[in-house]
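Summary of the model geometry
Residues per chain, in single letters:
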Amino acid sequence: MKESTPSISRPKYQQAAPGASLLKKTFVTIASASLLTGLGAVPAAQAATPDEAKNLVVNGKFDAGTEGWRTNDANTEKLSVRKDAQGAVAELRTTETKTAVLNDITNTIKSTEADASYTVSARVRTEHPGIWGQLRTRIVGNGETKIVGESFGLNDTSWTTVSFDLTVPTSGSTVDLNVLAWSLDPSKNLIIDDVKLVERDAASTQPVPAPVEEDTQKPEQNTDTPAPIQPEPIDKCDVAPKTDRTLFGVSLGGSTTGAKETFAQSMARQDANYDDTEVVRLFDPGMPVSWSKRAPYIEDKTISISFRPDPAEVLTGQHDAALLNWFNAAPSDQPIYWTYFHEPEPKIAAGEFTAAQYRAAWARIAKLADQACKPNMHATLILTGWTANPRSNRDWRDYYAGDSVIDVLGWDPYNDATSQEGPKSYASPESIFGNVVEISKNAGKPFAIGETGTRLIPTDPNGTQRAEWLKDVARYLDNEGALFVAYWDSKTFADFRLLDSASRDSWAGIIDGKY
């Protein structure tokens, strides 16, 4: 539901203070929200090893074959132990593409003590690069299941150590230990060794992340072999967006006729209506749709696209591989403004997830985007226009994951978005957009308008007044330096369609730079 922004005077905002640091731990709470912290994947040769005598894992080196271990589906997941240069190692394969799980037969910890702390680690590699997975624990007790783990990506055949610290806040729980390979193809394998779970105060040394050296060579992009997440963003891929003037286009939010359309039909219709629109705004209700399904229809356009997997799912790392592949597969020769979960405010207010979860999920996805290293792709936070209104009692920074994560501030202001009776006038552009312009400039971020629009007012049945209002909006936003503006040409929620020739011709001219 779009939120309305009344016409009011603009407030004064201060420069946003640097945001608090975000959790980097892969984490989801199914029945409660306890905090667990961890370390990232580090190269095997750089990690210290805890005292073997204190390891709680049964047969963690697989010297006793598969004793103590199983898969979750013996029919499709194959576990074996073989010898290599390291000694005994476990190997996971599948008979069909699916997630394969190395699972301890008996939970490694049978009953926890309150506030007990552990270090969990394993060494993993593959003979077929392009494997993504996760070392994880499942903490079960008191009717709750909590999952905490660390994801890994194997882009070559070398060993990698995955490690994280785990604190269990309550007593009497059991801890299940798993190593997963997501969407493991039958032609590929995951090799595992040296699985450990050690009480932290009993470890002689603790794993320490290795320093990351700057790689001056841009990695070759291959959607079949995603690289693991780096601990820090890649500065050389963070290129500020630029335009000579504001670009204008439309949102593909629904058919203007009400009939169901394919993406190709929608794009062809909008190109015909607006003489090859410059900008197209796309919405995916869950995970982003494959670029291959859209590429032929969006060439040479500026793309604003949002997707909406649940933050709790994002924070488990289960979407890491798919999202990194999506970033890697994105076109490299056209501007792409990508958005994680546009307009999150109503969902957060309804308790579907927290602002902290939202910010943390944003940060995780931004790391994946950094890995893809596409200078033409820009992380764009899109909030409702209403949030910029002081009467909303909201602070936009509650949804802001930080300067290092967000490249562009996007907004969705309307001339009366949702009232049943509709607008009585076409409000001035400054009264509609002034707040978001000022917030964006004070934050030091470029801004864009992901959606905007107006219904016809009662005194304008032919749309001639709206046609002039559209030009006023275009001049105002161009003068203020908006990167792009997309009109909500849809009757979803209310009828904002530009069906009259005056309005349609006006917006087509604006797209062509005539305003």
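Figured I'd write up the structure that's included with this text. Since this is a predicted model, take the numbers as computed values, not measurements. (Residues numbered from 1 in each chain as written. Predicted model: local features only at pLDDT ≥ 70, side-chain atom pairs only at ≥ 80, totals over all residues. Heavy atoms only, no water.)

**Describing the pattern of salt bridges**
Put simply, the test is: By definition here, a salt bridge exists when the distance from a side-chain nitrogen of Lys or Arg to a carboxyl oxygen of Asp or Glu is within 4 Å. Accessibility here uses a 1.4 Å probe with only protein chains present; expressed as a share of the type maximum, an area under 20% marks a residue as buried, one over 50% as exposed, and anything in between as partly exposed.
Per the counting criterion, the structure on display carries 26 salt bridges. Notably, a salt bridge pairs R82 with E91, separated by 3.1 Å at the nearest N-O pair. Take E91: its relative accessible area is 9%, and that puts it in the buried class. One network of salt bridges, with partners in common, ties together R82, D84, E91, R93, R125 and E127.

**Overview of the environment of P296**
Keep this limit in mind: Strands here mean DSSP runs of E at least two residues long; helices mean DSSP runs of H or I at least four residues long; both are numbered from the N terminus.
Tracing the sequence through the fold places P296 in helix α2 (residues 295–298). Sequence-wise, P296 and A264 are 32 residues apart; in three dimensions their C-alpha atoms are separated by 8.8 Å.

**As for unusual backbone geometry**
At C373, a position not held by glycine, the phi torsion is positive, near 55 degrees. Mapped onto the secondary structure, C373 falls in the loop between α6 (355–372) and β17 (377–384). Residue C373 is classed as buried on the basis of its relative accessible area of 2%. For D416, which is not a glycine, the phi torsion comes out positive at approximately 65 degrees. Relative to the helices and strands, D416 is located in the loop between β18 (408–412) and α7 (429–443).

**What about α6?**
We count it as follows: Helices are assigned an expected span. That span is 1.5 Å times one less than the residue count.
In this model, α6 (18 residues) spans 26 Å end to end at C-alpha, consistent with the 26 Å of a helix rising 1.5 Å per residue. Most of α6 sits out of view: 14 of its 18 residues are buried.

**Overview of the packing of helix α8 (residues 464–480) against helix α9 (residues 501–511)**
Selection criterion: Axis lines are fitted to C-alpha atoms, over the contacting stretch for helices. Their N-to-C directions set the angle, which ranges from 0 to 180 degrees. For classification purposes, an angle smaller than 35 degrees is called roughly parallel, one larger than 145 roughly antiparallel, one from 65 to 115 roughly perpendicular, and anything else oblique. Each helix crossing is assigned a hand: it is left-handed if the near helix lies turned anticlockwise from the far helix by less than a right angle, otherwise right-handed if that turn is clockwise. Residues count as neighbours in contact if any of their non-hydrogen atoms are within 4.5 Å of one another. In this count, Pro and Cys sit with the nonpolar residues alongside Ala, Val, Leu, Ile, Met, Phe, Trp and Tyr, while Asp, Glu, Lys and Arg are called charged and the others, Gly among them, polar.
One way to put it is that α8 packs onto α9 with a least axis distance of 7 Å and a crossing angle of 20 degrees. On the basis of the axis angle, α8 is roughly parallel to α9. For α8 against α9, the interelement crossing comes out right-handed. Contacts between α8 and α9 pair T464, R466, A467, L470, K471 and A474 from the former with A502, S503, S506, W507 and I510 from the latter. Of the residues assigned to the contact of α8 with α9, the class counts are six nonpolar, three polar and two charged.

**Observations concerning the sheet that holds strand β15 (residues 302–307)**
Note the following rule: Any two strands between which DSSP finds at least two bridges are classified as paired.
Sheet architecture is closed into a barrel: eight strands sit in the order β13-β14-β15-β16-β17-β18-β19-β20, paired in parallel fashion. Mean inter-strand twist for the sheet, computed between neighbouring axes without regard to direction, equals 25 degrees. Here β15 pairs with strand β16 (residues 336–340) via five bridges, running parallel. Within the sheet, the bridge partner assigned to I303 lies in β16 and is I336. Taken strand by strand, α6 contacts β15, β16 and β17, and its axis lies near 145 degrees from that of β16. In this fold α9 packs onto β13 (247–251) and β20 (484–487), with an angle of close to 135 degrees to the strand it touches most, β13.

Keep in mind these values describe shape, not function.
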